[in-house]
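If you want the building blocks of each chain, they are given just below.
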Number of protein chains: 2
Amino acid sequence: MAEEAVFDLVHMEAVSYVFQGEKISEDEAVAKLEHMGFATGYRLVERLTRESGRFKDELDIMKYICKDLWVTVYKKQIDNLRTNHQGVYVLHDNRFRFLSRMAAGKQYLQYAPRYLAFTCGLVRGCLANLGITCVVTAEVTQLPACKFQIQVQRG
Amino acid sequence: MAEEAVFDLVHMEAVSYVFQGEKISEDEAVAKLEHMGFATGYRLVERLTRESGRFKDELDIMKYICKDLWVTVYKKQIDNLRTNHQGVYVLHDNRFRFLSRMAAGKQYLQYAPRYLAFTCGLVRGCLANLGITCVVTAEVTQLPACKFQIQVQRG
């Protein structure tokens, strides 16, 4: 509980710091957070997978993201993983930690992308380190639920 | 180990993000990190002490910082606490986590303040929330050891 609080609070500070920057557009700020997440994910997965074996295939890597990685970072697993078996994976988190403290009213929905950008980058960075180039987007369905969509970029 | 990595990496990204900013001086960047630490510490201690009893006195609060708080955030206790009993407290950390990955060469010493600023703010924020106004500075003795000096501001 306490350790989660530290990470949550540092993340919140990073978000508010980036958005305080002068003359920065919403898109630029989101891009910066995504970049911070990417760098974090890239290095994190390097440390985490150092001693684990190789992955069988792409789906195996996605399962690793949904289970081990999510538990490490967010203290819970992804609730549901779907794929079209053609390089698109959708990860449903029914209670995403960075959204769980937001009031559920619709007026806050507009701010949700700020709290998803770091994680989109985190996932992209992890996958990049594991040899998968992809685009990661996120969408809030109903607070605090959201889904992350991974679109693998082939050769 | 894994959770520590997440926090370490996010902190590192925050440092490098702040220092990448255009037209920002070293002092300004350090001040911004200190501010992020302050906000984090202020809120963190609120959550952590919600259920604990009141503190006996100032020294009791300092011991809390050295033990409980340090363990929560840095996974170890402060190694040594000294005070002149006139409002100055010096906390020695013989292996400070944010410095522990830096090479021990003297050429890196100049960058150490960047990795101490957040924590100075964190301590100041915690103490502010507990009713103590102070100035917190840090000094590297020999990597990765450092000391944090707290100067309580009276009246």
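Please read all numbers here as calculations on a predicted model, not as lab measurements.

*Asks:* Where do I start with the relation of the copies chain A and chain B in this structure?
*Replies:* Copy one and copy two of the chain differ by a rotation about an axis and a translation along that axis. Mapping chain A onto chain B calls for a rotation angle of 180° and an axial translation of 0.0 Å; the resulting RMSD is 0.0 Å. The relationship between the two copies is best expressed as a two-fold rotation axis. Closest to the rotation axis within chain A is the C-alpha of Phe 7 of chain A, separated from it by 2.9 Å. Interface overlap between copies: 100% of the residues of chain A at the interface are likewise at the interface in chain B, consistent with a symmetric, same-surface contact.

*Asks:* What should I look at first to understand the sheet that holds strand E2 (residues 88-93) of chain B in this one?
*Replies:* Whenever strands of a sheet pair, they do so through backbone hydrogen bonds, lying parallel or antiparallel. All names here are of chain B. Pairing within the open sheet is antiparallel, and its four strands lie in the order E1-E2-E4-E3. Edge positions in the sheet fall to strand E1 (80-83) and strand E3 (134-140), since each has one partner strand and no second. Pairwise comparison of adjacent strand axes, ignoring direction, gives a mean angle of 15° for this sheet. The pairing of E1 with E2 spans four bridges and is antiparallel. Following the sheet pairing, Arg 82 is matched in E2 by Val 90. The sheet contacts of helix H3 (residues 58-74) involve E1, E2 and strand E4 (146-152), and relative to E2 the element is tilted by about 15°. Packed on one face of the sheet, helix H4 (residues 112-129) meets E3 and E4 and runs near 150° to E3.

*Asks:* Got a minute to help me understand the nonpolar core in this structure?
*Replies:* Generally speaking, nonpolar side chains in soluble globular proteins are found buried as a group. Grouped together as the largest cluster of nonpolar side chains are 99 residues, with contacts concentrated most on Ile 150 of chain A together with Ile 150 of chain B. Residue contacts for Ile 150 of chain A: discarding those within four places in its chain leaves Met 62, Gly 87, Val 88, Tyr 89, Leu 91, Val 123, Leu 127, Cys 134, Val 135 and Val 136 of chain A.

*Asks:* Even after reading the chapter, I still don't get the interface of chain A and chain B, so can you show me in this structure?
*Replies:* Interface extent is often summarised as the accessible area lost during association of the parts. At the interface, 27 residues of chain A touch 27 residues of chain B. For the pair chain A and chain B, the number of links is two salt bridges. Connecting chain A to chain B are two residue pairs in polar contact (both at pLDDT 80 or more). Counting only elements with at least two residues in the side of chain A that touches chain B, the list comes to helix H1 (2-20), helix H2 (26-48) and helix H3 (58-74) of chain A. The biggest single contributor to the side of chain A that touches chain B is H1 of chain A, with 13 residues. Its residues placed into classes, the side of chain A that touches chain B shows 17 nonpolar, two polar and eight charged.

*Asks:* What should I look at first to understand the pattern of salt bridges in this one?
*Replies:* Once the charged atoms of two side chains with opposite charge are near each other, the side chains can pair. Residue and element names in this part refer to chain A. Scanning all chains against the criterion turns up 14 salt bridges over all chains. Residues Glu 58 and Arg 154 are paired through a salt bridge, measuring 2.7 Å at the closest nitrogen-oxygen approach. Highlighted residues: Glu 58 in helix H3 and Arg 154 in the segment after strand E4 (146-152), separated in sequence by 96 residues. Put simply, Asp 93 and Lys 76 hold a salt bridge, and the shortest N to O gap is 2.8 Å.

*Asks:* Before we go on, may I ask you to explain the pairing of E3 of chain B in this structure?
*Replies:* A regular strand places its side chains so that they alternate between the two faces of the sheet. In this structure, E3 of chain B lies alongside E4 of chain B, joined through seven bridges in antiparallel fashion. When the bridges of E4 of chain B are listed, Val 135 of chain B appears paired with Gln 151 of chain B.

*Asks:* What am I meant to see in the packing of aromatic side chains here?
*Replies:* Two numbers describe a pair of aromatic rings. These are the distance of the centres and the angle of the planes. All chains considered together, the criterion is met by 23 aromatic pairs over all chains. Centroid distance Phe 7 of chain B to Phe 98 of chain B: 5.5 Å. Interplanar angle 50°. Geometry classified as tilted. Of this pair, Phe 7 of chain B sits in helix H1 (residues 2-20) while Phe 98 of chain B sits in the loop between E2 and H4, and the two are 91 residues apart along the sequence. What makes Phe 7 of chain B buried here is its relative accessible area of 5%. Residue class for Phe 98 of chain B comes out buried when judged on its relative accessible area of 9%. Each member of the aromatic cluster is reached from another via a ring pair, and the members are Phe 7, Trp 70, Tyr 74, Phe 96, Phe 98 and Phe 148 of chain A. Directly above the aromatic system of Phe 19 of chain A lies the positively charged group of Arg 114 of chain A, at a separation of 3.8 Å from the ring centroid.

Here is what the cut-offs are and how they apply
Residues numbered from 1 in each chain as written. Chains lettered and ligands numbered in written order. Predicted model: local features only at pLDDT ≥ 70, side-chain atom pairs only at ≥ 80, totals over all residues. Heavy atoms only, no water. Least-squares fit on C-alpha atoms with pLDDT ≥ 70 in both. Contact = heavy atoms within 4.5 Å. Pairing = 2+ DSSP bridges. Helix = DSSP H or I, 4+ residues; strand = E, 2+ residues; numbered from the N terminus. Axes fitted to C-alpha atoms, helices over the stretch in contact; angles between N-to-C directions. Core = buried A, V, L, I, M, F, W, Y, C linked by side-chain atoms within 4.5 Å. Buried < 20%, exposed > 50% of the residue type's maximum accessible area, 1.4 Å probe, protein only. Salt bridge = Lys/Arg side-chain N within 4 Å of Asp/Glu carboxyl O. Polar contact = N/O pair within 3.5 Å; in protein donor to acceptor, adjacent residues only side chain to side chain. Nonpolar A, V, L, I, M, F, W, Y, C, P; charged D, E, K, R; others polar. Phe/Tyr/Trp six-rings, centres within 6.5 Å; stacked < 30°, edge-to-face > 60°. Lys NZ or Arg CZ within 6 Å of the ring centre and 35° of its normal.

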